Structure formats: C-alpha cells, structure tokens
Amino acid sequence: MRLFTSSFKSGLRFESLRTVQPRFPLTATLALGVMLALEALVAALPASWQRDESGAVARMATVERMILAKYDRPQVVVLGSSRAVFGVAPRVLDESLKLPPLSCVNASIIGGGPELMQLFYERNREQFRGAKLVVVNVDEWHFNDHTGGANSTSTSATTPPDAPLAAATSARSLREAVRGRCLRLRSALALLRYTALEELGLNDKPAFDVFVDHNNQMWFTDGTPPHDRREQFQAVVRDYYRGFHIAPRLVDPLRKLAAMVREDGARLVLMQMPNRPKHQAEVSALAGAEYQAQVRHLELLADELSAPFYNFDNPAECGLADGDWADGVHLTPAGAPKFTEFLARVIERDKLL
C-alpha cells in the first residue's frame, strides 16, 4: 500500500484539477489504474477467499487444527454456534453412547450460523462422509434478517464497494471518493493476505484465545464472561429479536447442508438448546410471540427436511440447574457434561443413531 501513499503525497495534486476540465498528473493516473486493477482482482477471487479476518476462514481453520485433526471418521458430528461449542462434550457423548473414543466430534464454531455450518461441512465433507448422525444446533438468531447469521459468517467481506468516482463534481469530492476507495482496498488487501495464509496453511494462530479440554471440547482460555443481571438478559433478547423477520437467504444454507448430509448417508437432527430460566423469562416477556414464531418456523423446516426437531426448552428436563450457565445461553464446563448425557439419552431413546 506504500505505492498509493507515496503517489498521493507526491504526484496526486488535487489542487491542479479544474472543475470544468480536470486533468490528472501521470502518477495519479497510474495509481488510479493500479487501484482499479487490484479491486477487479479481489472481486474475481473465489468466494471462499472473500472472508473476514475474524470470520469464516479463521474460525473454520481453528476448529480444523484444534479439533478435527484428532479425528479420522467420526460417527456423530455436532454442528452449531458457540452454544453447541460450550454445550456438548464429545468424550462424554462417546462414553454415554458406548462408542469407541473419538467417535463423536463437536465441530461447532463460535458465532457459527447456517451459512458457515454449510460451508464448513462442505469444506470437510470427505472427513464427515460416513457419519451416521449429524446434530445441528439452531439458534434463535440464526434466521432473523436483522441479526442475520450472515454477520457471523462474514461473506464477501473483502470485496470493496464501488465508490462514485464518476459522480464527483469537484476536486474535493473526487479526492474524497478516491481516498475512500483506497482505504477500503487497503483493508481488503490486509484481509486477503490473512485469508491466503489460512488457506495455504501458513498461519497457525487461532481465531480466538481458546483451548481444548480433556473432553475434546473447545473453551475460551479466560472462560465465558459471566453475567447474571436482568438488564444483560434483556439486552441479548432485544438484539436477537429486534426487527424479527425470517429471511429465506439465511434458511437456504441449512437446506443445502441437509441435502449433503442425506447424500452422505447420515441422519440429520435439529436441536434448539435450552436457555437459562432467567433468560427464558425475559424472552417470554419481551419477545414471546417472536420466539414462538421462530419455533413454528423450525418445526415446518424440520418437516420439509424430514429431520426431527428438538426444542429443549425445559432445563430441568435436561438435568440443568440455574448455576449451569455462564450467562443466559452458554453452559459452563460443569453444565456441558450434564446436557451431553441428556442428549445421549435422547439419541438412544429415539434410536437416532
């Protein structure tokens, strides 16, 4: 990016431009040409490379290096968001289902929405092929157009939007348009460099400060920040349900994932994990109708996909007490084995495996 900086400092003299007959110095013309060429190159790259630095590529690579590398051909695959990351202990699931070690893998991704789950399964499909059961954690925010699972899958983050160069009506507006495009391109190239290192296997830094415990389960090194205040529960609920609208573009990736799972001979199960009772009380008070609407939507979607849907909305039934959550939605290291043992009983009871 020094090329652009030096060009603007030395050659791109906007004071020489005239509003009637603008003339570009040669250096500025060359710099603009290079910038547009780089924009075109970035836009032409595969979609899998057009991802946010802290988004899809980094998070997928973290799970692949720290979790999947331990496994060969798992029989049970769990996909989902951080709720599943911190909610399902694979070794406990192995033992509860009386399966050999490393039969069950928790391949969930922090912040993972439907698009990221679909992309991750496709990216590691050969390793997942042969699994008998794929359990997908569906979250309350996954299909809401406002929260838009796309925010967590970070699609097309490196493609800079067009700036209105042609619409510039003065030297100042032209300068601002060019400067804006340069800043966006600089950010895009920085993200692209990070993504390239990830894709080529040259970066082993995890997307988050995490570790994997004896249960083959991922956790934040510093733990999930606990919260127990009503205002905090309310803030999460409002964020999940503000402007509530089920968006087809956020549902389609789950349909694609289901199709791949069927083609690979596995059974798909959808589950919505339990909220902490204090949190669920705020959901009912602030967004009861919206909550029920998303549950009905998931029931219809499960019918369409011929997949069982379990809405685990009774914590006591799941063997969980109030102290088993770090916040309103994430379980603690003590709560995860309890929920996992309950999940194993459901799998055995309903002959899902």
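You'll find the structure just up there.
For clarity, every value in this text was computed on a predicted model and none was experimentally measured.

Here is what the cut-offs are and how they apply
- Chains are numbered independently. Their residues run from 1 in the order of the written sequence.
- Local features in this predicted model are restricted to residues of pLDDT 70 or higher, and side-chain atom pairs are both shown and tallied only at a pLDDT of 80 or more, whereas totals for entire chains, interfaces and linings draw on every residue.
- Excluded from the side-chain calculation are hydrogens and water; included are all heavy atoms of the structure.
- Between Lys or Arg on one side and Asp or Glu on the other, a salt bridge is scored when a side-chain nitrogen of the former is within 4 Å of a carboxyl oxygen of the latter.
- Grouping buried Ala, Val, Leu, Ile, Met, Phe, Trp, Tyr and Cys residues that are joined through side-chain atoms within 4.5 Å yields what is termed a nonpolar core.
- With a 1.4 Å probe rolled over the protein chains alone, any residue whose accessible area is under 20% of its type maximum counts as buried; one over 50% counts as exposed, and the rest are partly exposed.
- Secondary structure follows DSSP: runs of H or I at least 4 residues long count as helices, runs of E at least 2 residues long count as strands, and numbering of each begins at the N terminus.
- In this analysis, two residues are considered to be in contact whenever any of their non-hydrogen atoms come within 4.5 Å of each other.
- Pairing of aromatic side chains here covers Phe, Tyr and the six-membered ring of Trp, requires ring centres within 6.5 Å, and sorts the geometry by plane angle: under 30 degrees stacked, over 60 edge-to-face, intermediate tilted.
- Axis definition: a line fit to C-alpha positions, over the contact stretch in the case of helices; interaxial angles, taken between N-to-C directions, run 0 to 180 degrees.
- If you view the pair so one helix is near and one far, a crossing is left-handed when the near helix is turned anticlockwise from the far one by less than a right angle, and right-handed when it is turned clockwise.
- Side-chain classes are defined by residue name, with Ala, Val, Leu, Ile, Met, Phe, Trp, Tyr, Cys and Pro counting as nonpolar, Asp, Glu, Lys and Arg as charged, and the others, Gly among them, as polar.
- Only strands that DSSP links by at least two bridges are regarded as paired with each other.

Caption draft 1: Structural view of the pattern of salt bridges. Throughout the structure, instances matching the rule amount to 16 salt bridges. Via salt bridges that share partners, Arg 73, Arg 125, Glu 126, Arg 129, Glu 263 and Asp 264 belong to a single interconnected network.

Caption draft 2: Structural detail: the nonpolar core. Among the nonpolar cores identified, the biggest contains 55 residues, and Leu 79, Phe 120, Val 134, Val 136, Leu 254, Leu 257 and Leu 268 are the most heavily contacted of them. Sort the elements by how many residues they give to this core and helix H12 (residues 277–305) lands first, with eight residues. When residues no more than four places from it in sequence are discounted, the contact partners of Leu 254 are Pro 114, Val 136, Val 138, Phe 143, Leu 270, Leu 301 and Leu 305. Of all hydrophobic cores here, the second largest spans 26 residues; its members include Leu 99, Phe 312, Phe 342 and Leu 352.

Caption draft 3: Molecular detail of the packing of aromatic side chains. In total, this model carries nine aromatic pairs according to the counting rule given. Ring centres of Tyr 310 and Phe 312 lie 5.7 Å apart, and the angle between their planes is 20 degrees; on these two criteria the pair is classed as stacked. The buried category is assigned to Tyr 310, whose relative accessible area is 15%. Take Phe 312: its relative accessible area is 6%, and that puts it in the buried class. Connected via pairs of aromatic rings, a cluster forms that spans Tyr 310, Phe 312, Phe 339 and Phe 342.

Caption draft 4: Structural detail: the packing of helix H11 (residues 248–263) against H12. Orientation of H11 relative to H12, taken along the N-to-C sense of each, is 30 degrees, at an axis distance of 11 Å. For the pair H11 and H12, the crossing hand works out as right-handed. Where H11 approaches H12, its residues Val 251, Leu 254, Arg 255, Ala 258 and Arg 262 are matched on the opposing element by His 297, Leu 301, Glu 304 and Leu 305. Residues belonging to the contact of H11 with H12 are distributed by class as follows: five nonpolar, one polar and three charged.

Caption draft 5: Structural context of the sheet that holds strand S2 (residues 104–106). Spatial ordering of the open sheet is given by S2-S1-S3-S6-S7, a layout of five strands whose pairing is parallel. What marks the edges here is a single partner per strand, and that holds for S2 and strand S7 (309–311). Neighbour-to-neighbour, the strand axes of this sheet turn through a mean angle of 15 degrees, independent of strand direction. One ladder, built from three bridges, connects strand S6 (residues 267–272) with S7; its direction is parallel. Its bridge partner lying in S7, Gln 272 is registered against Asn 311.

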